[in-house]
Amino acid sequence: MCGIAGLTRNDPDLLGRMLASIAHRGPDDRGEFFDRGLSLGHVRLSILDLSPAGHQPMEFGNLVLVYNGEVYNFQEIRKELKAGGYRFDSDSDSEVVLKAWHRWGEEALQRFHGMFAFAVYDKTKRCLTLCRDRVGVKPLYYLDRPDIFAFASELRALMPISRKTIDRMALAQFFTIGYITDDQAIFDDVRKVPPAHILRYDLESGHSERVRYWRVEEHFKPSAKSEAELIDELEERLIEGIKLRMVSDAPVGGFLSGGADSSLVSAILQKHYGDIHTFTIGFAESKYDESGYAAAVARHLGTEHTQEILGADRAKEILRSFVEIYDEPFGDSSGIPTYLVSQVAKENGVKVVLSADGGDELFCGYERYWLTHRLGRKFAKLPFRRYAASIVEHCKPCLMRVPIRNMEHKLGFLQKILRSDDWFAIYRTVLSNYRDDLEMLGLHSPGWEGDSFAFGERVDPMQGMMLWDFHHYLPDDILVKVDRATMANSIEGREPLLDHSIIEYAAKIPFEYKYRNGESKYILKKVLERYLPKELIYRKKMGFGIPMFEWFRNDLIDLFDRYFTDDDVIDMEYPRALLQRFRSGEYVNVNKLWFVLVYKMWRERYLG
């Protein structure tokens, strides 16, 4: 895996600083290219063709490429290109991507199976084209102002160019859901190239345009095949997707949580390749710890298994570098164990790890889907729901005296649900940490894209939730978490369940095979039954969280004291009052405090 950067100036010093800021993404090599008001740079993590022949920026004819990612079917494309007269000087997929672009232009994207973010410069047309993979596994930021255009793999590389003015709507998104979604970034002059998009920039006119080249929605055409046929074909596609991601000239391992997704990926890996090294992070606090399940799966499969227990001291150590790892406000606290498991893999000599993200969004795996569905159906039957919300508001002072954990937050949740008129509003309420109290921070509620939800809801309300998560939570939280955690350790994370052929097939599977009679991931678990005994498959899902409340109350409280200072963007009065209640022993929504802490730590590090 690698890091890329570029800007519409010939400025070796600035380009050098941009590349230095993302050197962790590619410690093995570095290259630069300059041409008439354009600078391109690349830092390389050597995975395919470890020789100097894979050096970038890579030139062919009128084209120059800087590329971050892996196109797993590059050997098949290479054969086709060779048959058409192209010659190759390396064994890298980078050269295949470059010459495929030379042969087919933007149509080459339809042939690529993989994860990627790259830029192609056409010296003749004076056009720069940025491309991001279908799901958004690899990141790509850009800055587009009248005076300059720039791009990079991570936000930190654009900070020397950005005005660094905080986008208040993006910040509102962060405090609401813990991450920044859509094409927004924390700075108002920086954006993200969305997944499955091309951005074309004309260096002569300064004009840019974005074009979408793939939509999962186009594949929602329910299959009429039998359950047995669907299971067989899904297994075939999973095996092929994993097989493609084993293409590497460096050691490969896998993350194993003990859940259905990672167990299935590990099982297929072990059956077809053998001697797989799996890695797990556990917790001393039993209600968060899945390491026993992971160890049981590893024993059954026969993998070489490494486990490490994450305690408060180690978490605190990682937390102090949290904003170095995640250079934009990022509230998913599971980024801490994700960083550690990546570190453990690196220490054990693995340079490529397979993760199992995407199964929840594709096969209905999150508990919040069916809980939201049940909740929505129950409340829909209540007459005078808005009147009931007013009664709750009137009775809140009395209800607050009821000794129920986190009562204030739960009452606010109840009121929001009672006032919700549709499934999307209900789901937004379920996802949100700051709701009406967002205004107490001096911020307004963010707008939300609901088109994907509405499309999925035509199938089932839960499919609407899944599709919204696929377009938002998956690329902007889950994949950000894995990309930054692995790249901070200079290893490559690969996502076999997010092969677009698997995604397109999952879209065709009728919803009744994804969630059936209270069983989530029904069809995925049917495949897994071919590899594991049922007692290792059918158990309550725990998720990949951390014991935040326990740690913060006992070990990390001093961080709040240090960082909860005055701020010129948000009003700190409410967070400080919340912190005081937390100190006094009340149960509060700790995520609200955590999000403020992350923001303040990020602000100190990057804005001074």
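For the structure itself, consult the block above.
What you see is a predicted model, and the numbers here were worked out from it, not measured in a lab.

**Looking at the overall build of the chain**
Here is step 1 of the chain: Regarding its fold elements, the chain presents 24 helices and 19 strands.
Here is step 2 of the chain: Scaling as 2.2 N^0.38, a compact globule of 608 residues should have a C-alpha radius of gyration of about 25 Å, and the chain matches this with 24 Å.
Here is step 3 of the chain: Seen along its three principal axes, the alpha-carbon backbone of the chain occupies a region of about 80 × 60 × 45 Å.
Here is step 4 of the chain: Accessible area of the chain: about 23400 Å², with a carbon and sulfur share of 48%.
Here is step 5 of the chain: Counting 82 positive and 92 negative side-chain charges, the chain places the averaged centre of each group 3 Å from the other.

**Re the sheet that holds strand β7 (residues 127–132)**
Here is step 1 of the chain: In space, the six strands of this open sheet follow the order β4-β5-β6-β7-β11-β12, with antiparallel pairing throughout. The two strands at the open ends of the sheet, each matched to only one other strand, are β4 (58–60) and β12 (208–212). For this sheet the average axis-to-axis angle between neighbouring strands, irrespective of direction, equals 20°.

**Concerning the nonpolar core**
Here is step 1 of the chain: In terms of nonpolar packing, the biggest core is built from 104 residues, with Leu-109, Phe-112, Phe-118, Leu-234, Leu-238 and Tyr-369 touching the most fellow members.
Here is step 2 of the chain: Residue contacts for Phe-112: discarding those within four places in its chain leaves Val-71, Asn-73, Ile-77, Val-97, Ala-100, Phe-118, Arg-134 and His-500.
Here is step 3 of the chain: Judged by nonpolar contacts, the second largest core, of 87 residues, contains Met-18, Ile-148, Ile-281 and Ala-485.

**Quick word on the environment of Asp-566**
Here is step 1 of the chain: Mapped onto the secondary structure, Asp-566 falls in the loop between α22 (557–563) and α23 (573–583).
Here is step 2 of the chain: As for Asp-566 and Tyr-273, which are separated by 293 residues in sequence, their C-alpha atoms are 56 Å apart.
Here is step 3 of the chain: If near-sequence neighbours (up to four positions away) are discounted, Asp-566 is found in contact with Met-572, Arg-576 and Lys-600.
Here is step 4 of the chain: Here the side chain of Asp-566 touches Arg-576 through a polar contact of 2.8 Å, side chain to side chain.

**Some details on the packing of helix α12 (residues 367–380) against helix α15 (residues 423–431)**
Here is step 1 of the chain: The interhelical angle for the contact between α12 and α15, taken along N-to-C directions, is 125°, at an axis separation of 10 Å. By the angle between their directions, the pair α12 and α15 is classed as oblique. Like other packed secondary-structure pairs, α12 and α15 cross with a definite hand, here right-handed. Counted together, Arg-368, Tyr-369, Thr-372, His-373, Gly-376 and Arg-377 of α12 and Trp-423, Ile-426, Tyr-427, Val-430 and Leu-431 of α15 form the full contact between these two elements.

**Details of the pattern of salt bridges**
Here is step 1 of the chain: Here the structure, examined in full by the defined rule, presents 49 salt bridges.
Here is step 2 of the chain: With its nearest N and O atoms 3.8 Å apart, the salt bridge here joins Arg-494 to Glu-70. Linking Arg-494 in strand β17 (residues 492–494) with Glu-70 in strand β5 (residues 63–71), this pair joins segments that are 424 residues apart in sequence.
Here is step 3 of the chain: The buried category is assigned to Arg-494, whose relative accessible area is 0%.

**Details of helix α24 (residues 590–607)**
Here is step 1 of the chain: Its 18 residues place the ends of α24 25 Å apart at the C-alpha level, agreeing with the 26 Å of an ideal helix rising 1.5 Å per residue.
Here is step 2 of the chain: Between the side-chain oxygen of the N-cap and the backbone nitrogen of Asn-591 there are 3.0 Å, and the N-cap of α24 in question is Asn-589.
Here is step 3 of the chain: In the stretch just after α24, Gly-608 is the one whose phi turns positive, near 75°.

**Observations regarding α12**
Here is step 1 of the chain: Given a rise of 1.5 Å per residue, 14 residues ought to cover 20 Å, and the 20 Å separating the end C-alpha atoms of α12 matches this to within 8%.
Here is step 2 of the chain: Within α12, burial applies to Tyr-369, Trp-370, Thr-372, His-373, Gly-376 and Phe-379.

**Looking at the sheet that holds strand β13 (residues 252–255)**
Here is step 1 of the chain: Read from one edge to the other, the open sheet built from five strands follows the order β15-β14-β13-β16-β17, with strand pairing classed as parallel. At either margin of the open sheet sits one strand with a lone partner, and together these are β15 (304–310) and β17. Between one strand and the next, the sheet's axes are offset by a mean angle of 30°, whatever the strand orientation.
Here is step 2 of the chain: Bridge count for strand β14 (residues 277–283) against β15 is seven bridges, and the pairing is parallel. In the sheet register, Thr-280 faces β15, and the bridge partner there is Gln-307.
Here is step 3 of the chain: Set on the sheet, helix α10 (residues 335–347) makes contact with β13, β14, β15 and β16 (352–354); between it and β14 the angle comes to about 140°.

**Structural notes on the side chain of Asp-189**
Here is step 1 of the chain: For Asp-189, the position within the fold is in the loop between α4 (168–177) and β10 (190–192).
Here is step 2 of the chain: A polar contact is formed between the side chain of Asp-189 and the backbone nitrogen of Arg-163, at a distance of 2.8 Å.

**Quick word on unusual backbone geometry**
Most of the time, phi is negative for any residue but glycine, and the peptide bond is trans.
Here is step 1 of the chain: Here the residue pair Gln-56 and Pro-57 is connected by a cis peptide bond, since its omega of 0° sits within 30 degrees of zero.
Here is step 2 of the chain: Looking at the element boundaries, Pro-57 is found in the loop between β3 (38–44) and β4.
Here is step 3 of the chain: With phi around 55°, Asp-275 is a residue other than glycine that occupies positive phi space.
Here is step 4 of the chain: For Asp-275, the position within the fold is in the loop between α6 (260–272) and β14.
Here is step 5 of the chain: On the basis of relative accessible area, Asp-275 is assigned to the exposed category, the value being 75%.

**Looking at the environment of Lys-221**
Here is step 1 of the chain: Mapped onto the elements of the fold, Lys-221 is located in the loop between β12 and α5 (227–244).
Here is step 2 of the chain: Measuring from C-alpha to C-alpha, the distance between Lys-221 and Ile-180 comes to 31 Å, with 41 residues separating the pair along the chain.
Here is step 3 of the chain: Excluding residues that lie within four positions of it along the chain, Lys-221 makes contacts with Ala-507 and Lys-508.

**Side note on the pairing of β13**
Here is step 1 of the chain: Of the two faces of β13, both are covered, the one formed by Val-252 and Gly-254 as well as the one formed by Gly-253 and Phe-255.
Here is step 2 of the chain: Two strands pair when backbone bridges link them, and β13 and β16 are joined in this way by three bridges, in the parallel orientation. In the sheet register, Val-252 faces β16, and the bridge partner there is Val-352.
Here is step 3 of the chain: Relative to β14, β13 runs parallel, the two being bridged by three bridges. Across the sheet, Phe-255 pairs through a bridge with Phe-279, a residue of β14.

**Focus: the packing of α12 against helix α17 (residues 461–471)**
Here is step 1 of the chain: At their nearest, the axes of α12 and α17 sit 9 Å apart, and the two run at 140° to each other. Relative to α17, the element α12 lies oblique. As for the relative orientation of α12 and α17, their crossing is right-handed in sense. Of the residues in α17, those touching α12 at Arg-368, Tyr-369, Trp-370, Thr-372 and His-373 are Pro-461, Met-462, Met-465, Met-466 and Asp-469.
Here is step 2 of the chain: For the contact of α12 with α17, a count of residues per class yields six nonpolar, two polar and two charged.

Each value, and the rule that gives it
Residues numbered from 1 in each chain as written. Predicted model: local features only at pLDDT ≥ 70, side-chain atom pairs only at ≥ 80, totals over all residues. Heavy atoms only, no water. Helix = DSSP H or I, 4+ residues; strand = E, 2+ residues; numbered from the N terminus. Rg over C-alpha atoms; globule rule 2.2 N^0.38 Å. Areas by Shrake-Rupley, 256 points an atom, 1.4 Å probe, with all protein chains shown as cover. Lys, Arg positive; Asp, Glu negative; His and termini not counted. Charge placed at Lys NZ, Arg CZ, Asp CG, Glu CD. Pairing = 2+ DSSP bridges. Axes fitted to C-alpha atoms, helices over the stretch in contact; angles between N-to-C directions. Core = buried A, V, L, I, M, F, W, Y, C linked by side-chain atoms within 4.5 Å. Buried < 20%, exposed > 50% of the residue type's maximum accessible area, 1.4 Å probe, protein only. Contact = heavy atoms within 4.5 Å. Polar contact = N/O pair within 3.5 Å; in protein donor to acceptor, adjacent residues only side chain to side chain. Parallel < 35°, antiparallel > 145°, perpendicular 65-115°, else oblique. Left-handed = near helix turned anticlockwise from the far one by under 90°. Salt bridge = Lys/Arg side-chain N within 4 Å of Asp/Glu carboxyl O. Expected span 1.5 Å × (residues − 1). Nonpolar A, V, L, I, M, F, W, Y, C, P; charged D, E, K, R; others polar.

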